[in-house]
Amino acid sequence: MDPDRPLRVVGQLTMAEILIFGVVSGAIYALYALGITLVYKTSSAINFAQAEIGTFALYPATFVVTEHHLPWVLGALTALVVSVAISLAFEEVVIRRMISAPRVAVAVATVGLLSGLVGLEALWFGPSPRQLAPPLTTGSFSLAGVVILPSYWLSLIVVLVVTVVLTLFFRYTSFGLAVRAFADDPVAARLMGISQARVSRFTWATAGLLAGLAALLIEPSIGEIAPGVFGSLLLFGLTAAVIGGLSSLPGAVAGGLIVGIAQAFFTAHPLTTKLAGVQSIAMLVIILLVLLARQLWPRIAVGLRTSG
């Protein structure tokens with residue numbers, strides 16, 4: 001072990017680096033998971049286009065920041081407006097007309113949106129990678145021997161603020177309580193006068209906003225924007241949402257952190273770095289294990305109560 005690296009080392013990274021990198025990436029995955037969870041809670045369907053909506057929105061941001069040399073903030077606002085507009089348009093044109101359709105059909109429709117966005121990215125912006133300047137270039141500091149880049153702590157602050165705001169909104173505002181009521185019992189909520197269209201519009205717009213935010217925050221770590229390049233992020237976000245139960249916002253955040261740390265460990269470990277696609281396989285295994293555990297747990301609990 002390198003004496004200058006006193007912490008335990010896994011592969012090329014120390015445990016401190018794994019934890020910090022895992023928490024940062026996990027926080028961004030949590031944003032994707034929050035968007036997936038919000039849509040699932042109110043529509044019982046998984047939005048497979050959640051990550052691609054954010055990717056598409058980065059292209060207009062490069063137009064503003066990279067090509068016209070305008071401030072990053074203007075580019076970020078442009079990306080957020082585009083991501084929300086895509087979600088709202090899809091909700092208005094497709095989702096609203098599939099309220100009574102099987103949930104599988106709605107999920108397939110989001111796969112169609114995913115494919116359409118990738119195709120439009122290639123058609124309108126070309127296959128060549130593009131770059132977007134990071135939001136901050138100064139502000140690095142060292143923590144436990146690990147250099148914390150500005151994009152790292154900015155991501156953590158943004159995710160923390162978003163999580164707190166969403167929690168307070170759903171707990172203390174009348175419309176937030178209406179959305180929760182609709183997610184718990186749509187039939188009873190409609191009888192109470194809660195507008196399903198309004199709830200659906202709000203959740204899809206919020207999911208689009210979260211997709212844009214996540215893409216803006218993770219882009220400095222990936223470095224290049226290309227059609228479908230962030231596609232694997234959907235798997236990480238979906239895994240986080242499944243760990244959180246697809247119904248709990250705090251659970252989605254916790255799931256994101258678990259996925260981020262697990263991914264950092266798989267990336268660093270010498271036994272897995274040589275295996276192509278091991279991260280995706282690991283996420284698939286986690287999803288299957290969580291779903292299987294949820295199916296088996298009620299029987300196990302009954303058995304334990306009976307034996308006790």
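Provided above is the structure to which this section pertains.
None of the values given here were measured: they were computed from a predicted structure.

Student: Which parts of the structure should I look at to understand the overall build of the protein?
Tutor: Each helix and strand in the protein was counted, giving 11 helices and four strands. Here the protein holds 308 residues, and 45% of them are scored as buried. Put simply, of all contacts in the protein between residues at least 6 apart along the chain, 72% involve residues at least 24 apart. Carbon together with sulfur atoms contributes 70% to the accessible area of the protein, which is approximately 15,100 Å² in total.

Student: What exactly am I supposed to notice about the packing of aromatic side chains here?
Tutor: Both the distance between ring centres and the angle between the ring planes are used here to describe each pair of aromatic rings. A complete count under the given rule lists 11 aromatic pairs for this structure. Centre to centre, the rings of Phe-56 and Trp-124 are 6.2 Å apart; their planes meet at 65 degrees, and the pair counts as edge-to-face. Note that Phe-56 is positioned in helix H2 (residues 50-67) and Trp-124 in helix H4 (residues 103-125), a separation of 68 residues in sequence. Here Phe-56 falls in the buried class, since its relative accessible area comes to 8%. For Trp-124, a relative accessible area of 56% gives the class exposed. Each residue in the set Phe-56, Tyr-59, Trp-124 and Phe-125 is aromatic and connected to the rest through ring pairs, giving one cluster.

Student: Hey, could you run me through the pattern of salt bridges in this one?
Tutor: Pairing between side chains of opposite charge can happen when their charged atoms approach one another. Applying the stated criterion to the full structure yields three salt bridges. Across the salt bridge formed by Glu-91 and Arg-96, the nearest N and O atoms sit 2.9 Å from each other. Across the pair Glu-92 and Arg-96 runs a salt bridge whose closest N-O atoms are separated by 3.0 Å. Under the relative-accessibility criterion, Glu-92 is labelled partly exposed at 37%.

Student: Sorry if this is basic, but what is going on with the side chain of Ser-155 here?
Tutor: Take Ser-155: it is sitting in helix H5 (residues 150-172). On the basis of relative accessibility, which here comes to 1%, the residue Ser-155 falls in the buried class. Of the polar contacts made by the side chain of Ser-155, one reaches the backbone oxygen of Ser-151; its length is 2.6 Å. If we skip the residues at most four places from it in the chain, Ser-155 touches Val-24, Ile-28 and Leu-217.

Student: Please clarify how the layout of surface pockets should be interpreted in this entry.
Tutor: Rolled over the atoms, a probe with the dimensions of a water molecule shows which regions are left empty. Computed from the structure, the largest pocket encloses a volume of approximately 460 Å³. Along the wall of the largest pocket there are 21 residues; nearest its centre are Ser-25, Tyr-29, Ile-218, Ser-221 and Gln-263. Looking at the lining of the largest pocket, the elements with two or more residues in it are helix H1 (15-43), helix H8 (196-222), helix H9 (231-243) and helix H10 (249-268). For the lining of the largest pocket, the leading source of residues is H1, giving six residues. Considered class by class, the residues forming the lining of the largest pocket number 13 nonpolar, eight polar and no charged. Computed from the structure, the second largest pocket encloses a volume of approximately 260 Å³. Lining the second largest pocket are 20 residues, with Thr-42, Ser-43, Arg-103, Phe-182 and Gln-196 sitting closest to its centre. Listed by contribution, the elements that provide at least two residues to the lining of the second largest pocket are H1, H4, helix H6 (174-184), helix H7 (186-191) and H8. The greatest single-element share of the lining of the second largest pocket, amounting to five residues, is contributed by H8. Split by residue class, the lining of the second largest pocket holds nine nonpolar, six polar and five charged.

Student: Looking at this structure, I do not really get a nonpolar patch on the surface. What am I missing?
Tutor: A cluster of nonpolar residues, Leu-70, Val-73, Leu-74 and Leu-77, forms a patch on the protein surface that exposes about 350 Å² of accessible area. The topology assignment puts Leu-74 in helix H3 (residues 72-93). A residue is classified by how much of its surface remains accessible, and Leu-74, at 40% relative accessible area, is partly exposed.

Student: Explain the environment of Leu-217 here, please?
Tutor: Inspection of the secondary structure puts Leu-217 in helix H8. Taking the relative accessible area as the measure of exposure, Leu-217 reaches 7% and is therefore buried. In this structure, the C-alpha to C-alpha distance between Leu-217 and Leu-31, residues 186 residues apart in sequence, is 10.0 Å. Ignoring sequence-local partners within four residues, the contact set of Leu-217 consists of Ile-28, Leu-31, Ser-155, Val-158 and Val-159.

Rules of the game
Residues numbered from 1 in each chain as written. Predicted model: local features only at pLDDT ≥ 70, side-chain atom pairs only at ≥ 80, totals over all residues. Heavy atoms only, no water. Helix = DSSP H or I, 4+ residues; strand = E, 2+ residues; numbered from the N terminus. Buried < 20%, exposed > 50% of the residue type's maximum accessible area, 1.4 Å probe, protein only. Contact = heavy atoms within 4.5 Å. Areas by Shrake-Rupley, 256 points an atom, 1.4 Å probe, with all protein chains shown as cover. Phe/Tyr/Trp six-rings, centres within 6.5 Å; stacked < 30°, edge-to-face > 60°. Salt bridge = Lys/Arg side-chain N within 4 Å of Asp/Glu carboxyl O. Polar contact = N/O pair within 3.5 Å; in protein donor to acceptor, adjacent residues only side chain to side chain. 1 Å grid on protein atoms, 1.4 Å probe; cavity = no way out; pocket = protein on both sides within 12 Å on 5 of 7 lines; lining within 4 Å. Points joined across faces, edges and corners; volume = space filled by probe spheres on them. Nonpolar A, V, L, I, M, F, W, Y, C, P; charged D, E, K, R; others polar. Patch = residues over 30% accessible without salt bridge, like charges linked within 9 Å, V, L, I, M, F, W, Y side chains within 5 Å.

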